[in-house]
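# Survey of secondary and tertiary structure
So you can see what is in the structure, the chains are spelled out below.
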Amino acid sequence: MGCCCSTSKRTGTPGYEEPTVLASQTPCEYHDPSLNVTVSEVEALHELYKKLSNSIIEDNLIHREEFQLALFRNKNKKNLFADRIFDLFDLKRNGVIEFGEFVRSLGVFHPNAPLEDKITFAFRLYDLRQTGFIERGELKEMVLALLHESDLELSDDMIESIVDKTFSDADINGDGKIDQDEWKAFVSKHPSLIKNMTLPYLKDITLAFPSFVVRTEIEESDM
Amino acid sequence: MREAQNDTVGTELPNTNFDVPSGVVLFGKYELKRLLGVGAFAKVYHAITVDTRQGVAVKAVSKSKVVNGGFAANVEREISIMRRLHHSNIVNLFEVLATKTKIYFVMEFAAGGELFHEVAGKGRLEEDAARFYFRQLISALKHCHSRGVFHRDLKLDNLLLDENGDLKVSDFGLSAVTGQIRPDGLLHTVCGTPAYVAPEILVKRGYDGAKVDLWSCGVVLFALTAGYLPFNDCNVTVLYRKIYRGQFRFPRWMSSDLRILLSRLLDTNPETRITIHEIYQNTWFNAGEHRYNPVRVKKSECVCAESQTGFNSLNAFDLISFSTGLDMSALFEDPNVSDSVERVVCATEPENIIERVEAVAEEGRVVVRREGNGGGAKLEGQDGNLIGIVEVYRLTEELVVVEMKRSEKGGECGAQFWKDKLRPLLLEFAGEREVPVSGDFCKI
């Protein structure tokens, strides 16, 4: 099997292209065999991408407001965690999620994606200041953000004790920060922590967005 | 009555314009093993997934037939319908793949082969055996009809068996793909396999999909227990006349209860033909060992009990993972039909919370199922549809988090129950913040 457009000038890293070029390309050019998804799945994802990337600004790029609109039905709703995910998806750090970035990043969320990748993604997500560690201050900041977001009220003492308890469980060497290995060990004790890193939708994405079946230009011989 | 497995109209000559040989790996994912059947414009293969070695059936359909026939919109609609049909007696659709010329439907593989072989090997089935399959067929039909999905091409060839010998109905909801619905959506094409077709279809008026399926069920039940078709003739005109007049004869070995049921199924008047509801009251249907064949819970749906018992406790990262900003599933959902979640923190005893949920459910005639290790409960309406899930987690020694997830599947009754009963209860919990014991630092 192979990609339908073997002549396409792919430059190694998906998402390396200029956005304008990207918009004119067909979805299957972003199909990378190493991603463990089929061309059809990429095409189905493209149907979703078209919807998300043209909801406010019709330019085939997902802007932060469009991402917020899709997650919260509200384009102005700010959320610490959604912001972090957007930044991680935006591999080129140019303020938009391009299709190549979308496909590559969502790959981590596939039910069949390696657990290791999911654990690493979650670590990077929670490492707010990208220091290579989850620090106590970051954990507290995230707990506060969640409580604020969901209108849950807890006394400061209570919050401190919850953060302390978690930190003392996770920070095995007691250096005041959680490193990658400590995070892996903590997640293997609490597997529910990476539940968010798996999207069952990706398993039957072709059934959820089937309009590609009529439109596809993939040649039979490429299969 | 014998045609290609899993396939559509078999009276036409097989289309030879298919060149997918066995051994080929489709889309890098499915390795074709052998051809199972050939139809008018489809071929069905047994295949295995390259990475998990799971067996699947791949149905390759010629796209030109589907698209040129104007069925494109129907194909999309039907795939969406199929995606929502989940029943232990229906062949599940896993995914769909496409090229410029073909659409590949990847489906559950029925390892037990065709029910036809079972009948052919024995000549005919004992009534008890036939009843076993018929109940499963009606159960599958009930599931689909209640969702507005009709088969329209039910025949023995579409009835397969899984590795446990249970029935699997194939091709449900794929009538456009198999070429039976006209683009205008009216069901007045002559469809279905001639011997199974209901009389009202022959007069080319619009018809009711549910009634037509029940007629076909009658033909199937007759064939299973008689060993031959009720209406059969080499001459199609003669065959149609027999169907139109409802001319058939019971073999002498058929019980009178079965004859009664068959005459009600093969009633040429769709208005007076038996309904699914009436079938469930029928004497023959309810005879035998077990009255109803309970629908088994699929293995994948079984929640394995976790090793620890009681209520799961939350750490700081668990709390964080509650954020809607981390729930990417919202990207995939229709904004109009999304489920909602609400959580409160309270100092109520976890067991007391579940008991009060159960009490409220009882008032509202809602079924409660304890989940996992008792820390959660599933709420189901009278129709078996999920209304919501309640879960209780320990946050600290005194405090718990109560989480209520509302499901859209609950429909109007579910929404009403949520609004009138569950939400007020949740707010009640939210007010219970005083720790009953002498908590000196618990001012929250």
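About the cut-offs
Residues numbered from 1 in each chain as written. Chains lettered and ligands numbered in written order. Predicted model: local features only at pLDDT ≥ 70, side-chain atom pairs only at ≥ 80, totals over all residues. Heavy atoms only, no water. Helix = DSSP H or I, 4+ residues; strand = E, 2+ residues; numbered from the N terminus. Buried < 20%, exposed > 50% of the residue type's maximum accessible area, 1.4 Å probe, protein only. Areas by Shrake-Rupley, 256 points an atom, 1.4 Å probe, with all protein chains shown as cover. Pairing = 2+ DSSP bridges. UniProt positions renumbered as here; feature names shortened; annotations may be inferred. Core = buried A, V, L, I, M, F, W, Y, C linked by side-chain atoms within 4.5 Å. Contact = heavy atoms within 4.5 Å. Salt bridge = Lys/Arg side-chain N within 4 Å of Asp/Glu carboxyl O. Phe/Tyr/Trp six-rings, centres within 6.5 Å; stacked < 30°, edge-to-face > 60°. Lys NZ or Arg CZ within 6 Å of the ring centre and 35° of its normal. pLDDT = per-residue confidence, 0-100. Expected span 1.5 Å × (residues − 1). Bend = angle between axes of the 7 residues up to and from the residue. Buried area = accessible area lost by both parts, 1.4 Å probe. Axes fitted to C-alpha atoms, helices over the stretch in contact; angles between N-to-C directions. Parallel < 35°, antiparallel > 145°, perpendicular 65-115°, else oblique. Left-handed = near helix turned anticlockwise from the far one by under 90°. Nonpolar A, V, L, I, M, F, W, Y, C, P; charged D, E, K, R; others polar.

### Side note on the overall build of chain A
If you tally the helices and strands in chain A, you get 11 helices and 4 strands. Out of the 223 residues in chain A, the part that is buried amounts to 52%. Approximately 9,900 Å² of chain A is accessible, and the part contributed by carbon and sulfur atoms is 52%.

### Side note on the overall build of chain B
Regarding its fold elements, chain B presents 13 helices and 14 strands. Out of the 444 residues belonging to chain B, those deemed buried represent 53%. Roughly 19,900 Å² of accessible area belongs to chain B as shown, and the carbon and sulfur atoms make up 50% of that amount.

### Points about the sheet that holds strand β8 (residues 159-161) of chain B
Residues and elements named next belong to chain B. The antiparallel open sheet is built from 3 strands, whose spatial order is β7-β8-β9. In this open sheet, the two edge strands, each paired with only one partner strand, are β7 (113-114) and β9 (167-169). Inspection of the sheet shows β7 paired to β8 by 2 bridges, in the antiparallel sense. Residue E114 lies in a different strand from β8, and its bridge partner there is L160.

### Describing the UniProt feature "domain: EF-hand" (unreviewed entry) in chain A
All names here are of chain A. UniProt's feature table lists "domain: EF-hand" (unreviewed entry) at residues 77-112, 114-149 and 158-193, given in the numbering used throughout. For the annotated span residues 77-112, helix accounts for 53% and strand for 6% of the residues, and the straight-line distance between the end C-alpha atoms is 31 Å. End C-alpha atoms of residues 114-149 are separated by 31 Å, and the span's content is 72% helix alongside 6% strand.

### Some words on the nonpolar core
Counting 154 residues, the largest nonpolar core has F67, F102, F109 and W183 of chain A together with F134, I138 and F317 of chain B as the members making the most contacts within it. In terms of residue count, the dominant contributor to this core is helix α6 (residues 209-226) of chain B (11 residues). Here W183 of chain A is in contact with I119, A122, F123, Y126, I134, I178 and L193 of chain A together with F317 of chain B, once residues within four sequence places are set aside. One finds A361, V390, V400 and W418 of chain B within the second-largest nonpolar core, a separate group that totals 22 residues.

### Quick notes on the pattern of salt bridges
Enumeration according to the criterion identifies 35 salt bridges over all chains in this entry. The partner of K184 of chain A in a salt bridge is E116 of chain A, with the nearest N and O atoms 3.5 Å apart. Of this pair, K184 of chain A sits in helix α9 (residues 180-189) while E116 of chain A is found in helix α6 (residues 115-126), placing the two residues 68 residues apart along the sequence. For K184 of chain A, a relative accessible area of 27% gives the class partly exposed. Judged by relative accessible area, E116 of chain A falls into the partly exposed class, the value being 45%. Residue E95 of chain B is joined to K29 of chain B by a salt bridge in which the shortest nitrogen-to-oxygen separation is 2.8 Å. One end of the pair, E95 of chain B, is in strand β5 (residues 93-98); the other, K29 of chain B, is in the loop between β1 (25-26) and β2 (30-38), with 66 residues separating them in the sequence. The partly exposed category is assigned to K29 of chain B, whose relative accessible area is 23%.

### Focus: the environment of E358 of chain B
All names here are of chain B. With respect to the helices and strands, the residue E358 is situated in helix α12 (residues 350-363). C-alpha separation for the pair E358 and G23, spaced 335 residues apart in sequence, amounts to 55 Å. Residues contacting E358, with those up to four places away along its chain left out, are V368 and R370.

### Notes on the environment of D175 of chain A
Mapped onto the elements, D175 of chain A comes out in the loop between α8 (156-170) and β4 (177-178). Sequence spacing of D175 of chain A and R73 of chain A is 102 residues, and the spatial spacing of their C-alpha atoms is 41 Å.

### Things to note about the pairing of strand β14 (residues 400-406) of chain B
A regular strand places its side chains on the two faces of the sheet in alternate fashion. All names here are of chain B. Burial of β14 is extensive: 5 of the 7 residues sit out of reach of the surface. Relative to β14, strand β10 (residues 340-346) runs antiparallel, the two sharing 7 bridges. Across the sheet, the residue bridging to E342 is M404, located in β14. In the sheet, strand β13 (residues 386-394) pairs with β14 via 7 bridges, with the strands oriented antiparallel. The partner of V390 across the bridge, within β14, is M404.

### Some remarks on helix α3 (residues 64-72) of chain A
Given 3.6 residues to a turn, an α-helix orients residues that are three or four positions apart in the same direction. Residues of α3 of chain A that are buried: E66, F67, Q68, A70, L71 and F72 of chain A. Buried positions along α3 of chain A lie against α2 (39-53), β1 (62-63), α4 (80-89) and β2 (96-97) of chain A.

### Side note on the packing of aromatic side chains
For any pair of aromatic rings, geometry is given as the distance between the ring centres together with the angle between the planes. Counted under the stated rule, the structure contains 24 aromatic pairs over all chains. Relative to F317 of chain B, the ring of Y126 of chain A lies with its centre 5.5 Å away and its plane at 35 degrees, an arrangement referred to as tilted. On the criterion of chain membership, the pair formed by Y126 of chain A in helix α6 and F317 of chain B in helix α11 (residues 316-320) is interchain, its members lying in two chains. Y126 of chain A sits in the buried class, given a relative accessible area of 2%. Aromatic rings pair up to connect W215, F222, Y228, F231, F248 and F250 of chain B into one cluster. The ring of F133 of chain A carries the charged tip of K177 of chain A above its face, separated from the ring centre by 4.2 Å. When the ring centre of W253 of chain B is taken as origin, the NZ or CZ atom of R124 of chain B, which lies over that ring, is 3.9 Å away.

### Re the confidence of the model for chain A
Residues and elements named next belong to chain A. Within chain A, residue pLDDT values average 85, and 83% of them lie at 70 or more. Here helix α1 (residues 19-24) stands out as the element of chain A with the lowest mean pLDDT, 36, in contrast to β1, whose mean of 97 is the highest. Every residue in residues 1-25 scores below 50 in pLDDT, and together they form 42 contacts with partners more than four places removed in sequence or on other chains.

### Points about helix α13 (residues 411-431) of chain B
Residue and element names in this part refer to chain B. A rise of 1.5 Å per residue sets the reference length of α13, with its 21 residues, at 30 Å; its end C-alpha atoms lie 29 Å apart and thus fit the reference within 8%. W418 marks where α13 bends most, by close to 40 degrees. Along α13, the positions that sit buried rather than exposed are G414, F417, W418, L422, L425, L426 and F429. Taken together, the buried residues of α13 touch β10, α12, β12 (376-380), β13 and β14.

### Observations concerning the interface of chain B and chain A
Each partner contributes to the interface: chain B provides 60 residues, whereas chain A provides 63 residues. Both sides together, the interface formed by chain B and chain A hides about 5,500 Å², and carbon and sulfur atoms give 67% of it. Broken down residue by residue, the surface that chain B buries against chain A is led by F317, L331 and F332 of chain B, which jointly contribute 16%. Run the count over chain B and chain A and you get 3 salt bridges. One salt bridge connects K100 of chain B with E219 of chain A, and the closest N-O pair in it is separated by 3.3 Å.

### Structural notes on the packing of helix α7 (residues 136-149) of chain A against α8 of chain A
Residues and elements named next belong to chain A. The interhelical angle for the contact between α7 and α8, taken along N-to-C directions, is 130 degrees, at an axis separation of 10 Å. Relative to α8, the element α7 is oriented oblique. The crossing of α7 and α8 is right-handed. Seen from α7, the contacting residues are R136, L139, K140, V143, L144 and L147; seen from α8, they are D156, I159, E160, V163, D164, T166 and F167. Tallied by class, residues from the contact of α7 with α8 come to 7 nonpolar, 1 polar and 5 charged.

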